[in-house]
Protein chains: 2
Amino acid sequence: MDSNASPPSSPRSAARGRSPRASGRVTLSDVAQAVGVSAMTVSRALRGERRVDPLLVEKIHAAAERMGYVPDPAARALASQKSTQVLVLVPLLSNTLFVDLIESIHKVLFAAGYHALIGVTHYDRAEEEQLLRTYLPLRPAGLLLTGFDHSPAARKLLADSGIPCVHMMELSAVDQPSQLADQTPCVGFSQAEAGVAITRHLLERGRRRIAFCAGQLDARVMQRAAGWRTVLEQQGLYDPALELLWPRPTSMALGAELLTQALQRDPAIDALFFCNDDIAQGALLEALRRGIPVPERLAITGFNDLPGSDQMLPPLTTVRTPRGAIGAESAQMLLQLIRGELVATPRLDLGYELVVRQSS
Amino acid sequence: MDSNASPPSSPRSAARGRSPRASGRVTLSDVAQAVGVSAMTVSRALRGERRVDPLLVEKIHAAAERMGYVPDPAARALASQKSTQVLVLVPLLSNTLFVDLIESIHKVLFAAGYHALIGVTHYDRAEEEQLLRTYLPLRPAGLLLTGFDHSPAARKLLADSGIPCVHMMELSAVDQPSQLADQTPCVGFSQAEAGVAITRHLLERGRRRIAFCAGQLDARVMQRAAGWRTVLEQQGLYDPALELLWPRPTSMALGAELLTQALQRDPAIDALFFCNDDIAQGALLEALRRGIPVPERLAITGFNDLPGSDQMLPPLTTVRTPRGAIGAESAQMLLQLIRGELVATPRLDLGYELVVRQSS
DNA sequence: CTGTTAGCGCTTTCAA
DNA sequence: TTGAAAGCGCTAACAG
């Protein structure tokens, strides 16, 4: 046979002009050729697989570095059916709570070579579902979702995808103490217990008519409400008129509004338990404006310990929620799931801390 | 030839058991087979290319829908060297400013079939550079960056990538009014002019000793400072002692601290121009705590008109920045660049609005 | 420990 | 207007 014979043999090797479709980037086989090994070996070496000659590994790393090789995530995702993206869905970015959550997630994932793809649901199950439909085809390596409140279709998407998923901020219900807990991976704390703690604190301070004021009535807010209600019912102090629920988003202005409404509805109210610090801050300022002494005439408490709560007049009593830790631990747990490792505590309770300042 | 003859012909067609590497998802050829056309036609039809029989288009859409076909972004990116991701880099998420920016970017991009990939630089050029290194290989369709302050290496990465890019929040410098402006695409407003406007307002209110108090000394803050300085110099009122610059992040607590420092340094100061609303709010609360009458004894102004500024005691005078519009217009401009369209105004000035409330 | 082969699912290119 | 062929850059699967 003539060695000048046509195509079949080594199609890429002598290719100087490259294929018309080539992207121009340095590829795995470029590096392989330079080092004098196969592309597969380079692939293995660069991914840090075992069973590659350490000397080769070194040479390959050097060549890759020198040639400016950067792996192509699309090719990798297509070939391996995996990506390094982790989809993170939060309800909102305008609450520092979720920003803190995201920051710590990002830190843990990034260090492990994964990337957070952030989606915002605006507390809307339909929007969450659409985001899942949009981003699941990207084959994220894992999912980090806020809460458990998903549409049935979203649940199905999640289940069908088979992608590991950790739920953040709240804990799955444990029906019977004697019974084994639900094994759905989740990291958070008991929102209901935190609601109980704040309410008990107000009772200890001698408050009798404690109103619960909330906006943005998501599942977690309602759990706090349940905690509050339980305590008041135990004490025979519960009255439905003490429940001020506002379905739309929270804001400082809403706090002023709810304080006004509460006192109009029942002037005997002596404490306001707000579901979030931002409305509590607004209420505090409204009290200042109207000359209502806090805490003497009215105790005010918030939730989450957001920036500025310690600066208020008076500083706001609140519950510090461990969102940084929740983000970090969720990401860590997800990484374990992605790697197929056993998760020791798939239902991780990180607790909360009552921060008593001068507003109560 | 025996029709039972082996492989070469139609390798995929009769494949029931599929290849061992197949992902299980419905592919383009599945749809093609169902409709009885080639995969190429399905590809064209689904992407809405012209020159496909309208009847076929309809049949193909129906089949795709029925079979649950979802395009594979990785395969698409690999084959076309394009993705639908747009990389959005912001300094911070804990400032509502950037959250508003992101929200409106997301809305515009999502509607056009693109997705925002959010990265946070923490005002750190090295971190920005690392993010670019990490995400540029994803072949984002475009880039949306905050400001113009990039490391030299980052500049090179940007230039080499050839990916369209719009800079947000500030405007490129125009050296000579008569000269053609720099054509780097950007959407924002003149930070310096806004600084001038606030300072003039304070002068009009009869203030003489106006301090500039800032944290997080990024380029935009320094431009506001320059505006302030220019005005004071024109009036012969400039004094370096009036400049209180704090390199670390802003917070309400910092506002309290800077107010204290300013009055210690010079008790004659009669106005404080804060670079951001959060520190201004902190200062306002500190004034309240110390019984300093605002604005009688001390005028206080902020920047950005963040949530809560209208709730303060007294409500805060500030500059409303058009971040929503900046996000939307930047995204729109980027889409034009991606599509190779001509951009009418590559340097888009969206202005600002002085919001005079009772603190000045 | 290393290499070969054969795709992943899509789109570019060119021909009909 | 449609299709066939080829390949984007990488890795799974199997040999050796």
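Residues numbered from 1 in each chain as written. Chains lettered and ligands numbered in written order. Predicted model: local features only at pLDDT ≥ 70, side-chain atom pairs only at ≥ 80, totals over all residues. Heavy atoms only, no water.

If you look chain A up in an unreviewed UniProt entry, it shows as LacI family DNA-binding transcriptional regulator from Comamonas guangdongensis.

A. Structural view of the overall build of chain A. A count of helices and strands for chain A gives 12 helices and 12 strands. Scaling as 2.2 N^0.38, a compact globule of 360 residues should have a C-alpha radius of gyration of about 21 Å, whereas chain A reaches 28 Å, well beyond that. Taken along the three principal axes of its C-alpha coordinates, chain A extends 105 × 45 × 35 Å. Out of the 360 residues in chain A, the part that is buried amounts to 50%. In chain A, the proportion of contacts linking residues at least 24 apart, taken out of those at least 6 apart, comes to 70%. In the form shown here, chain A has an accessible surface area of approximately 16600 Å², with 53% of it arising from carbon and sulfur atoms. Between the averaged position of the 37 positive side-chain charges in chain A and that of its 37 negative side-chain charges there is a distance of 6 Å. (Helix = DSSP H or I, 4+ residues; strand = E, 2+ residues; numbered from the N terminus. Rg over C-alpha atoms; globule rule 2.2 N^0.38 Å. Buried < 20%, exposed > 50% of the residue type's maximum accessible area, 1.4 Å probe, protein only. Contact = heavy atoms within 4.5 Å. Areas by Shrake-Rupley, 256 points an atom, 1.4 Å probe, with all protein chains shown as cover. Lys, Arg positive; Asp, Glu negative; His and termini not counted. Charge placed at Lys NZ, Arg CZ, Asp CG, Glu CD.)

B. Region of the structure containing the protein's contact with DNA strand D. Taken together, 31 residues form the shell around DNA strand D, and within it A:S23, A:L28, A:S43, A:Y69 and B:T41 come nearest. Within 4 Å of the protein, the contacting atoms of DNA strand D are drawn from sugar and phosphate to the extent of 64%. Contact between DNA strand D and A:S43: a phosphate oxygen at 2.5 Å from a side-chain N or O atom of the residue. Note that a phosphate oxygen of DNA strand D is positioned 3.4 Å from one of the backbone N or O atoms of A:D72. At the level of elements, α2 (39-46) and α4 (73-80) of chain A together with α2 (39-46) and α4 (73-80) of chain B are the ones that each hand at least two residues to the surface near DNA strand D. (Near = heavy atom within 4 Å. Polar contact = N/O pair within 3.5 Å; in protein donor to acceptor, adjacent residues only side chain to side chain.)

C. Up close: the relation of the copies chain A and chain B. Rotating chain A by 180 degrees about the axis while translating it 0.0 Å along that axis superimposes it on chain B, leaving an RMSD of 0.1 Å. Both copies are brought into coincidence by an operation consistent with a two-fold rotation axis. The position closest to the rotation axis in chain A is occupied by the C-alpha of A:A74, lying 2.3 Å away. (Least-squares fit on C-alpha atoms with pLDDT ≥ 70 in both.)

D. Summary view of the packing of aromatic side chains. All names here are of chain A. One pass over the full model with this rule turns up eight aromatic pairs over all chains. Between the aromatic rings of F189 and Y352, the centroid separation amounts to 6.3 Å while the plane-to-plane angle is 55 degrees, which identifies the pairing as tilted. Remark: Y352 occurs in the loop between β11 (347-349) and β12 (353-355) and F189 occurs in the loop between β5 (186-188) and α8 (191-204); sequence separation between them is 163 residues. By relative accessible area, which is 1% here, F189 ends up buried. Residue classification places Y352 among the partly exposed residues on the basis of a relative accessible area of 30%. (Phe/Tyr/Trp six-rings, centres within 6.5 Å; stacked < 30°, edge-to-face > 60°.)

E. Quick peek at the UniProt feature "domain: HTH lacI-type" (unreviewed entry) in chain A. Under the feature "domain: HTH lacI-type" (unreviewed entry), the UniProt entry names residues 26-80 of chain A. When the span residues 26-80 of chain A is considered, its composition is 69% helix and 0% strand, and the gap between its end C-alpha atoms is 20 Å. (UniProt positions renumbered as here; feature names shortened; annotations may be inferred.)

F. How the structure looks around the nonpolar core. A:L272, A:I300, B:L272 and B:I300 are the most contacted members of the largest nonpolar core, which has 152 residues in total. For B:L272, the contacting residues outside a window of four places in its chain are B:A211, B:C213, B:L259, B:A262, B:L298, B:A299, B:I300 and B:T301. Formed by 30 residues, the second largest nonpolar core is a distinct cluster that contains B:L89, B:L131, B:A154 and B:C165. (Core = buried A, V, L, I, M, F, W, Y, C linked by side-chain atoms within 4.5 Å.)

G. Region of the structure containing the sheet that holds strand β4 (residues 165-169) of chain A. Residue and element names in this part refer to chain A. Across the sheet, six strands lie side by side as β2-β1-β3-β4-β5-β11; this open sheet has parallel pairing. Across the chains shown, the open sheet's two edge strands, defined by having one partner strand only, are β2 (115-120) and β11. On average, adjacent strands in this sheet sit at an angle of 15 degrees to one another, irrespective of strand direction. As paired elements, β5 and β11 share three bridges and run parallel to each other. In the sheet register, G188 faces β11, and the bridge partner there is D349. Across the sheet, helix α12 (residues 323-338) lies against β1 (85-90), β3 (142-146), β4, β5 and β11, angled at about 170 degrees from β4, the strand it touches most. (Pairing = 2+ DSSP bridges. Axes fitted to C-alpha atoms, helices over the stretch in contact; angles between N-to-C directions.)

H. Broad picture of the packing of helix α1 (residues 28-35) of chain A against α2(A). All names here are of chain A. Between α1 and α2, the least distance of the axes is 8 Å, while the angle of their chain directions is 105 degrees. On the basis of their axis angle, the class for α1 and α2 is roughly perpendicular. Note on element contacts: α2 touches α1 through A39, V42, S43 and L46, opposite L28, S29, V31 and A32. When the residues that make up the contact of α1 with α2 are grouped by side-chain class, the tally is six nonpolar, two polar and no charged. (Parallel < 35°, antiparallel > 145°, perpendicular 65-115°, else oblique. Nonpolar A, V, L, I, M, F, W, Y, C, P; charged D, E, K, R; others polar.)

I. Local environment of the environment of A:L342. Summarising the element assignment, A:L342 is placed in the loop between α12 and β11. As for A:L342 and A:L101, which are separated by 241 residues in sequence, their C-alpha atoms are 24 Å apart.

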